[in-house]
Amino acid sequence: MYIKMKITNIKAISNFEFKIPLGQGLYALTGENACGKSTVISCASRTFYEAVPYSYFGIPVKDAKIEFEYNSKQRILGSSNGRWLNAEGNLGIVGFYEGSLIYGNRFKDVEFSRLRLLSSIKETDLLPASTFITENLGSILHDDKSYYSKMFVMKPEIQKQKNLLKQPYYYKSNSKLVNQLEMSTGENLLISILHSLEMKILKERYMDTPALMLLDEIELALHSSALRRLIYFLQELSKKDNLSILFSTHSIELIRSISPQNIFYLQKYADGSLKEINPCYPVYATRNLESSNYGHDFVIMVEDDLAKSIIERILREKRLLGNKRVLVIPVGGWTEVLRFAYDTIRSNLVLRTTKIIIILDRDIESHVNGFLKSNNMGFANKPNYLPIKSLEKYLLERLTVNIDLVLLQELNDYVFQNKSLSEIINKYLSNVKNGIYTDQEKIKNGKMLFEDLQNELRQVRKTPESISEIIVEHLFKMNNEQINELSVFLSTVLEPNSP
């Protein structure tokens, strides 16, 4: 479930389409500096945000436009003659947007002239802040829900009298009232988020469609420990109150806590074009190998969790880990693996003694040399190939073409225990036959079937890793010849005297 968004001529983005996720849970938007993360988040807020966008996007250039499509409804924010027009259409989406330090809500009424005004307020002008605000603010920032027990919010009539845009918060410290302008950036950020959650989302409880929560640059204001507690809080809240939470970030702490299927990496190219990479593994998004202080002897880069599971199983069963440190990391699609390996070597992200091994899915072998040549990449050790296809292509073949009844039954018994796998596959085949599914590339490479499987996995609170585990066990149980071929290769390259 998603909202289709098309951005045309907004800031540095000339043409970009993005599917705003609406599934319950947390989603991360990441990428290098100046790739357009904040612009995409701000554009996404126009699904529900009515404010005139000059302060966010400036004076529009020719043909500047943001278009949305959801459940046969459309919404358009267009421009004409250097002016933004009022948005047309309503998607029926409720949400909350907390922008960057510059454009966010955390510093409304922040003019210095307001400081004296807020400092003159007496306790009789205030009301006790809600338990939701005080306890969650204390828990996230200080791991102590009673830390802000003496917190207040300005009475509505006083706010109106003082001509303030928002109700400011206060807390009492050593008998002194600390007003919101005197609080830290982290306190302001969380008060803004918690207040909006309480007022706009928790009380409305739109249960049919998740409420959309958009957060930009939240890690700039929070310590890593507070960030971890915030993520846990948001994860629990998304389940309890049906929220779809999308945030832009560079933070390793944040990205580590999100599954690859929920990470969107914005790749900006030299010609200014923008591409979305999803799923994206944390290692690719952060350029962080999570190596120890002593590094690794071998880093094996693969495409997905299925490849990782197969290789790790071989390493254990063939006892290839003795006296050596080996790290197996899934990076994403084969082009991402090659780019990441090249960046790792060129930027010295690993020790000089570390040997990098690239293992890709065999079905793309004919495309690799052309890609390396066109991107001016080269490796001392050429890429090697996994003797099975990608997870998506493997499932497409074994479940719909050359059907493996044993594998189908195992997946049905241990993974798809709510709706049967046969029912899911039959519905998929019907949608393809009747033209309901029209993306031929996704049909051909198995991604369309995999999306259907993932939708069912979410319903039963499982992840794609549960499928990988069954496939790996099945391959080894059947004494697969291709697995034996890969075992011989790994035994050769991991020998102490191998070149």
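Preceding this section is the structure that the text describes.
Below you will find a few notes about this structure. Just so it is clear, the structure is predicted and the values come from calculations on it, not from any experiment.

Procedures and definitions
- Residues numbered from 1 in each chain as written.
- Predicted model: local features only at pLDDT ≥ 70, side-chain atom pairs only at ≥ 80, totals over all residues.
- Heavy atoms only, no water.
- Helix = DSSP H or I, 4+ residues; strand = E, 2+ residues; numbered from the N terminus.
- Buried < 20%, exposed > 50% of the residue type's maximum accessible area, 1.4 Å probe, protein only.
- Contact = heavy atoms within 4.5 Å.
- Areas by Shrake-Rupley, 256 points an atom, 1.4 Å probe, with all protein chains shown as cover.
- Lys, Arg positive; Asp, Glu negative; His and termini not counted.
- Charge placed at Lys NZ, Arg CZ, Asp CG, Glu CD.
- Pairing = 2+ DSSP bridges.
- Axes fitted to C-alpha atoms, helices over the stretch in contact; angles between N-to-C directions.
- Salt bridge = Lys/Arg side-chain N within 4 Å of Asp/Glu carboxyl O.
- Expected span 1.5 Å × (residues − 1).
- Polar contact = N/O pair within 3.5 Å; in protein donor to acceptor, adjacent residues only side chain to side chain.
- Parallel < 35°, antiparallel > 145°, perpendicular 65-115°, else oblique.
- Phe/Tyr/Trp six-rings, centres within 6.5 Å; stacked < 30°, edge-to-face > 60°.
- Core = buried A, V, L, I, M, F, W, Y, C linked by side-chain atoms within 4.5 Å.
- Patch = residues over 30% accessible without salt bridge, like charges linked within 9 Å, V, L, I, M, F, W, Y side chains within 5 Å.

Okay, the overall build of the protein chain next. Along the backbone of the protein chain there are 19 helices and 20 strands. Overall size of the protein chain, expressed as C-alpha extent along the three principal axes, is 80 × 55 × 45 Å. The proportion of buried residues among the 499 residues of the protein chain is 52%. Of the contacts made within the protein chain by residues no fewer than 6 positions apart, 68% connect residues no fewer than 24 positions apart. Here the protein chain has roughly 25,000 Å² of accessible surface; of this, 48% comes from carbon and sulfur atoms. Looking at the protein chain, you have 62 positive and 58 negative side-chain charges, and the mean spots of the two groups are 4 Å apart.

Looking now at the environment of Lys 427. Take Lys 427: it is sitting in helix H15 (residues 421-433). Between the alpha carbons of Lys 427 and Glu 469 there is a distance of 24 Å; along the sequence they are 42 residues apart.

Strands sit in the order S8-S13-S14-S3-S15-S16 across an open sheet of six strands; the sheet is mixed. At either margin of the open sheet sits one strand with a lone partner, and together these are strand S8 (95-98) and strand S16 (274-277). For this sheet, the mean inter-axis angle between neighbouring strands, taken without regard to orientation, is 15°. Pairing analysis gives six bridges linking strand S13 (residues 211-216) to strand S14 (residues 243-248), with the strands arranged parallel. Within S14, the position partnered with Met 213 by the bridge is Ile 245.

Applying the stated criterion across every chain, the model contains 13 salt bridges. Across the salt bridge formed by Glu 182 and Lys 176, the nearest N and O atoms sit 3.6 Å from each other. Looking at Glu 182, the relative accessible area reads 37%, which means it is partly exposed. Two residues, Glu 392 and Lys 447, come together in a salt bridge whose shortest N-O distance is 3.7 Å. Remark: Lys 447 occurs in helix H17 (residues 447-459) and Glu 392 occurs in helix H13 (residues 391-401); sequence separation between them is 55 residues. Looking at Glu 392, the relative accessible area reads 14%, which means it is buried.

One ladder, built from four bridges, connects strand S11 (residues 169-173) with strand S12 (residues 176-179); its direction is antiparallel. In the sheet register, Lys 172 faces S12, and the bridge partner there is Leu 177.

The next subject is the sheet that holds S11. Within the open sheet, the four strands sit side by side as S9-S10-S11-S12. Their pairing is antiparallel. Each end of this open sheet is capped by a strand with a single partner; those strands are strand S9 (126-128) and S12. Across this sheet, the average inter-strand angle for adjacent strands is 35°, counted without regard to direction. As judged from the three bridges shared by strand S10 (residues 151-154) and S11, these two strands associate in the antiparallel manner. Paired with Met 151 across the strands is Tyr 171, a residue of S11.

Right, let's talk about H17 for a bit. Relative to the 18 Å expected for 13 residues at 1.5 Å per residue, H17 spans 19 Å between its end C-alpha atoms, a close match to the ideal helical length. Contacts made by the buried residues of H17 are with H13, H15, helix H16 (440-444) and helix H18 (465-477). With its phi angle positive at about 60°, Arg 461 sits one or two positions after the end of H17.

Further remarks concern the side chain of Asp 304. Tracing the sequence through the fold places Asp 304 in the loop between strand S17 (298-302) and helix H10 (305-317). No salt bridge is formed by the buried Asp 304. Its closest oppositely charged neighbour is Lys 447, at 8.0 Å. A polar side-chain atom of Asp 304 sits 3.2 Å from the main-chain amide nitrogen of Leu 306. One polar contact links the side chain of Asp 304 to the main-chain amide nitrogen of Leu 391, over a distance of 3.5 Å. In this structure Asp 304 touches Tyr 281, Pro 330, Asp 361, Ser 390 and Leu 391, once residues within four positions along its chain are discounted.

As a further point, take the packing of H13 against helix H14 (residues 405-414). Packing of H13 against H14 leaves a shortest axis separation of 8 Å and a crossing angle of 110°. Classified by the angle between their axes, H13 and H14 sit roughly perpendicular to one another. Facing Tyr 394, Leu 395, Arg 398 and Leu 399 of H13, the residues of H14 in contact are Leu 407, Leu 408 and Leu 411.

This paragraph deals with the packing of aromatic side chains. All chains considered together, the criterion is met by eleven aromatic pairs. On the basis of an interplanar angle of 70° and a centroid distance of 5.4 Å, the ring pair of Trp 334 and Phe 371 is categorised as edge-to-face. Pair noted here: Trp 334 is in helix H11 (residues 334-346) and Phe 371 is in helix H12 (residues 365-374), with a separation of 37 residues, a long-range link. Each member of the pair, Trp 334 as well as Phe 371, is classed as buried.

Of all hydrophobic cores here, the largest spans 71 residues; its most connected members are Met 151, Leu 215, Phe 233, Phe 247, Met 301, Leu 338 and Leu 360. Contacts of Phe 233, omitting those with residues within four sequence positions, involve Phe 132, Asn 136, Ile 140, Leu 194 and Leu 197. Of all hydrophobic cores here, the second largest spans 47 residues; its members include Ile 359, Tyr 428, Phe 450 and Val 472.

To continue, consider the packing of helix H4 (residues 131-142) against helix H7 (residues 224-241). One way to put it is that H4 packs onto H7 with a least axis distance of 7 Å and a crossing angle of 135°. Relative to H7, the element H4 lies oblique. Taking contact as the criterion, the partners of Phe 132, Asn 136, Ser 139, Ile 140, Leu 141 and His 142 in H4 are, on H7, Ala 226, Arg 229, Leu 230 and Phe 233.

A grouping of Lys 4, Lys 6, Lys 19 and Lys 65 is seen on the molecular surface, where their side chains present a positively charged patch. Its relative accessible area of 37% is what places Lys 19 among the partly exposed residues.

Between Asn 278 and Pro 279 the backbone carries a cis peptide bond, its omega angle lying at 0°. Tracing the sequence through the fold places Pro 279 in the loop between S16 and helix H9 (282-286). Even without being a glycine, Asn 174 presents a positive backbone phi close to 50°. Mapping Asn 174 onto the fold places it in the loop between S11 and S12.

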